[in-house]
Amino acid sequence: MRPFWLEQALKTETSETCPALQGDIRADVCIVGGGYTGLWTAIMLKEQNPGLEVVLIEADICGAGASGRNGGCALSWSAKYFTLERLFGAEEAVRLVKESERSIHAIGAFCERYAVDADYRLDGTLYTATNRAQVGSTDAVIAALERNGINSFSQRPLADVQRMAGSTRHLEGWFSPAAASVQPGKLVRGLRRVALQLGVRIHENTAMTGLEEGKPAVIQTASGRVRADRVVLAMNAWMARAFPQFERSVAIVSSDMLITEPRPDLLDEIGLTSGVTVLDSRIFVHYYHNTPDGRIMLGKGGNTFAYGGRLSPVFDQPSPYAGLLRSSLTDFFPAFADVKVDATWNGPSDRSVTGLPFFGQMSASGNLFYGFGYSGSGVGPCHMGGQILASMVQGLDNPWTRSPLVNGPLGFFPPEPIRYLGSLMVRNAIRRKERAEDHGRRPRHLDVRLARFAAAAGKADKG
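What counts and how
Residues numbered from 1 in each chain as written. Predicted model: local features only at pLDDT ≥ 70, side-chain atom pairs only at ≥ 80, totals over all residues. Heavy atoms only, no water. 1 Å grid on protein atoms, 1.4 Å probe; cavity = no way out; pocket = protein on both sides within 12 Å on 5 of 7 lines; lining within 4 Å. Points joined across faces, edges and corners; volume = space filled by probe spheres on them. Helix = DSSP H or I, 4+ residues; strand = E, 2+ residues; numbered from the N terminus. Nonpolar A, V, L, I, M, F, W, Y, C, P; charged D, E, K, R; others polar. Buried < 20%, exposed > 50% of the residue type's maximum accessible area, 1.4 Å probe, protein only. Contact = heavy atoms within 4.5 Å. Pairing = 2+ DSSP bridges. UniProt positions renumbered as here; feature names shortened; annotations may be inferred. Phe/Tyr/Trp six-rings, centres within 6.5 Å; stacked < 30°, edge-to-face > 60°. Right-handed = clockwise from strand over helix to strand, strands pointing away.

Per an unreviewed UniProt entry, the chain goes by Aminophosphonate oxidoreductase and derives from Pseudomonas mohnii.

Pasting the structure below:
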């Protein structure tokens, strides 16, 4: 099954699937993975150095992974300022917030430059509270942004928040113009088209079956090999299974989504008429936005966990949490109670301990680079990931290659089965805590303590 966004994008395409690799080829750079990270890296390499021979291999078709099935919320790192400052210091934290906002605008400029119709709408984001316990929870991080001269958020009157968000469930809201919504499948397929146009050689249905380190490195596939001077591994959630040293660097967890049939008349009625992305202040956040053809896409993170990083078939099927999603949709939008849901789906998110991606070099030869761990927030930051990896591959000395983001994972989860069982215990505690808060009750002390273990999963740092 193809997720809704990708299926929709493929319907408008006329290009054929790129042929699988047959035989042995040579390349300056081989990129493994045809999602946002791999494609942005390939494009940036060719834009900066057109003479490079860049080959990209993808196990399925470009966009079949998280890039073609995410929520389409292109957000900056501004609300993760405390995490950035704690890990990297104030100067780098400020730089990364600015760069993350710059990436949001750069994605729009890219779509315009290359005529990529990705439904890109620079309509901002609303961080909201949907129960009394959430009210005020983002005040501290916004105050820190203000102190550092990088705050793009403004608190809006409640009536404005409820009108912009199309729902009276919201009790407060902070708006930032530095965010966008996109159709993820159209964006990733647009990146693929531009990469081909720039001369990147793409082989779809070509999984990496082995990797021999050395100069050159050799990437083995079912029917051929790529000998490459430099290799970029852009496999995201699949890295943890392919390379044992990364098995504990991420936890694989689903984000589950639904999308309604087009009802522009009801969107007009409730006031959700722009492409604003709306997120509440839960740890396992609700997020939603409309689409240009009048649908509502609503998602919720933190549902299905993978044991040992194994991507079971459930991650490629309709969401097992369709009932929960439907209930949330009706809760936010009573007018949509009887509206048909056209599709549900879910996908694997590679959550790091910090909630931030990490990058690095992993071979004695110094020519094997990687980046993953986007933690469910990759649409905007993958553009930064492309800049980081393109810089590392070319051996540049710039703020990206000097950034502590390139020092590899900054923490590890416990080994199995402790990670899996602990993840379920924390997930269930969060559910009980947030259910109590929704009903105006004080959550159990133990649930509050357990929920703190997943603080990095939230979209905004709490003070």
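Okay, empty space enclosed by the protein next. In total, this model carries 3 cavities of 30 Å³ or more according to the counting rule given. Size it by volume and the largest cavity reaches roughly 450 Å³. With 5 residues, strand 16 (residues 341-352) is the single largest residue contributor to the lining of the largest cavity. Looking at the lining of the largest cavity, its residues break down into 12 nonpolar, 13 polar and 4 charged. Considering the residues around the second largest cavity, the lining is formed by 15 residues, among which Trp 77, Lys 80, Gly 355, Ser 377 and Lys 459 are closest to the centre. Classifying every residue of the lining of the second largest cavity by side-chain character gives 7 nonpolar, 5 polar and 3 charged.

Okay, the environment of Lys 433 next. Note on placement: Lys 433 falls in helix 12 (residues 418-438). Overall, Lys 433 belongs to the buried group, its relative accessible area being 15%. Residues in contact with Lys 433, not counting those within four places in the same chain, are Pro 443, Asp 447, Val 448 and Ala 451.

The next subject is the sheet that holds strand 14 (residues 286-290). With mixed pairing, the 8 strands of this open sheet are ordered in space as 5-6-4-13-14-15-12-16. Edge positions in the open sheet fall to strand 5 (154-155) and strand 16, since each of these has one partner strand only. Looking at chain direction, strand 13 (residues 277-279) and strand 14 are connected through 2 bridges and run antiparallel. Each residue of the ladder has a partner; that of Leu 279, found in strand 14, is Tyr 287.

With that out of the way, let us pick up the environment of Thr 37. For Thr 37, the location among the structural elements is in helix 2 (residues 36-48). Its relative accessible area of 0% is what places Thr 37 among the buried residues. Separated by 346 residues in sequence, Thr 37 and His 383 place their C-alpha atoms 7.1 Å apart. With near-sequence residues (within four places) excluded, Thr 37 lies in contact with Ala 234, Asn 236, Gly 371, Tyr 374, Cys 382 and Leu 389.

This paragraph deals with the UniProt feature "domain: FAD dependent oxidoreductase" (unreviewed entry) in the chain. UniProt's feature table lists "domain: FAD dependent oxidoreductase" (unreviewed entry) at residues 28-391, given in the numbering used throughout. Within the segment residues 28-391, helix and strand shares are 30% and 27% respectively, and the terminal C-alpha atoms sit 14 Å apart.

Following the criterion strictly, the structure yields 18 aromatic pairs and no others. Residues Tyr 288 and Phe 333 carry aromatic rings whose centres are separated by 4.9 Å and whose planes lie at 80 degrees to one another, so their mutual orientation is edge-to-face. Within this pair, whereas Tyr 288 is found in strand 14, its partner Phe 333 is found in the loop between helix 10 (322-332) and strand 16, the two being separated by 45 residues in sequence. Here Tyr 288 matches Phe 333 in class, with each residue buried.

The next point concerns the pairing of strand 2 (residues 54-57). Judged by which residues are buried, strand 2 turns out to be covered on both faces: Val 54 and Leu 56 on one side and Val 55 and Ile 57 on the other are all buried. Two strands pair when backbone bridges link them, and strand 1 (residues 23-32) and strand 2 are joined in this way by 4 bridges, in the parallel orientation. Looking across to strand 2, one finds that Val 32 is bridged to Ile 57. A crossover links strand 1 with its parallel partner strand 2, the connecting element being helix 2, and its sense is right-handed. With 3 bridges connecting them, strand 2 and strand 8 (residues 201-203) associate as parallel partners. Bridging across to strand 8, Ile 57 finds its partner in His 203.

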